Amino acid sequence: QVQLVESGGDLVQAGGSLRVSCVASGRRVNFNAVAWWRQAPGQQREFVAGFTAGNPVYADSVKGRFTISRDNTRNTVWLQMNSLRPEDTAVYYCNERSGDGWSWVRYMWGQGTQVTVSS
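In this report, the structure presented in the accompanying data block is examined. What you see is a predicted model; the values in this text were computed from it and never measured. (Residues numbered from 1 in each chain as written. Predicted model: local features only at pLDDT ≥ 70, side-chain atom pairs only at ≥ 80, totals over all residues. Heavy atoms only, no water.)

**A word on the overall build of the chain**
Move 1: Secondary structure summary: the chain contains zero helices and 10 strands in total.
Move 2: If you list the helices and strands of the chain from N to C, you get β-β-β-β-β-β-β-β-β-β.
Move 3: For 119 residues, the compact-globule estimate of 2.2 N^0.38 gives 14 Å, and the chain sits close to it at 13 Å.
Move 4: Expressed along its principal axes, the backbone C-alpha trace of the chain runs to roughly 40 × 30 × 25 Å.
Move 5: Taking as baseline every contact in the chain between residues at least 6 positions apart, the subset at least 24 positions apart corresponds to 55%.
Move 6: The average position of the 12 basic charges and that of the 9 acidic charges among the side chains of the chain differ by 5 Å. (Helix = DSSP H or I, 4+ residues; strand = E, 2+ residues; numbered from the N terminus. Rg over C-alpha atoms; globule rule 2.2 N^0.38 Å. Contact = heavy atoms within 4.5 Å. Lys, Arg positive; Asp, Glu negative; His and termini not counted. Charge placed at Lys NZ, Arg CZ, Asp CG, Glu CD.)

The structure is reproduced here in C-alpha cells:
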C-alpha cells in the first residue's frame, strides 16, 4: 500500500515563499509521475505541477513562480512556491498521475497541506 503525505503548508503574506513536501512510503512509487494539485474552497481540484518525460510542467497560473523538484533516494517531491498570491490559497495535494494527462490519479487522495496567502 502506498501513502503519500504532504506537509509544509502555512500562512504566509502575499509575495512570500513556501516549500511544501510530499513523502511517499509503501511500495515503489513512480516519481516520474508524482505531481501536485490544489483545491481552493468551493472550487474543483486543479493541476499545479508535475513531470512529463522527466521535464517539469506547470499550470499557467503558477509558471515562473513555482518549482517542482524530487529526490527519488529520499522518496520526496517538493514544490517551491515563490511570489505567492492570495489566489494560491488552497489545500495542496500530491499523487501519482495515471495515464498521460493530469485528470486521473493512481492513489486515494491524502489529507493535503493547507497553504494560506494573506493580502
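Structure shown, so let's carry the discussion forward.
**Focus on the pattern of salt bridges**
Move 1: Enumeration according to the criterion identifies five salt bridges in this entry.
Move 2: Across the pair R106 and E96 runs a salt bridge whose closest N-O atoms are separated by 2.9 Å. Remark: E96 occurs in strand β9 (residues 90-96) and R106 occurs in the loop between β9 and β10 (113-118); sequence separation between them is 10 residues.
Move 3: Classification of R106 as partly exposed rests on a relative accessible area of 45%.
Move 4: Classification of E96 by relative accessible area gives buried; the value is 5%. (Salt bridge = Lys/Arg side-chain N within 4 Å of Asp/Glu carboxyl O. Buried < 20%, exposed > 50% of the residue type's maximum accessible area, 1.4 Å probe, protein only.)

**Describing the environment of F51**
Move 1: Structurally, F51 can be placed in strand β5 (residues 46-52).
Move 2: Put simply, F51 and A33 are 18 residues apart on the chain and 6.3 Å apart in space, counted from C-alpha to C-alpha.
Move 3: Excluding residues within four positions of it along the chain, F51 makes contact with F31, N32, V34, P56, I68, S69, R70, R97 and W102.

**Quick word on the packing of aromatic side chains**
Move 1: Throughout the structure, instances matching the rule amount to four aromatic pairs.
Move 2: Residues W37 and F47 carry aromatic rings whose centres are separated by 6.3 Å and whose planes lie at 75° to one another, so their mutual orientation is edge-to-face. In this pair, W37 is assigned in strand β4 (residues 34-39) and F47 in strand β5, connecting sequence segments 10 residues apart. There is no split in this pair, since W37 and F47 are both buried.
Move 3: A centroid spacing of 5.6 Å and a plane angle of 70° characterise the contact between Y93 and W109, whose relative ring orientation is edge-to-face. Of the two residues, Y93 is situated in strand β9 and W109 in the loop between β9 and β10; the sequence distance between them amounts to 16 residues.
Move 4: Judged by its relative accessible area of 30%, W109 falls in the partly exposed class.
Move 5: Positioned over the ring face of W109 is R45, at 3.9 Å from the centre of the ring.
Move 6: Directly above the ring of F51 sits R70, whose terminal nitrogen or CZ lies 4.1 Å from the centroid. (Phe/Tyr/Trp six-rings, centres within 6.5 Å; stacked < 30°, edge-to-face > 60°. Lys NZ or Arg CZ within 6 Å of the ring centre and 35° of its normal.)

**Considerations on the pairing of strand β6 (residues 55-58)**
Move 1: Note: β5 against β6, four bridges, orientation antiparallel. Counterpart to G50 in the pairing with β6 is V57. (Pairing = 2+ DSSP bridges.)

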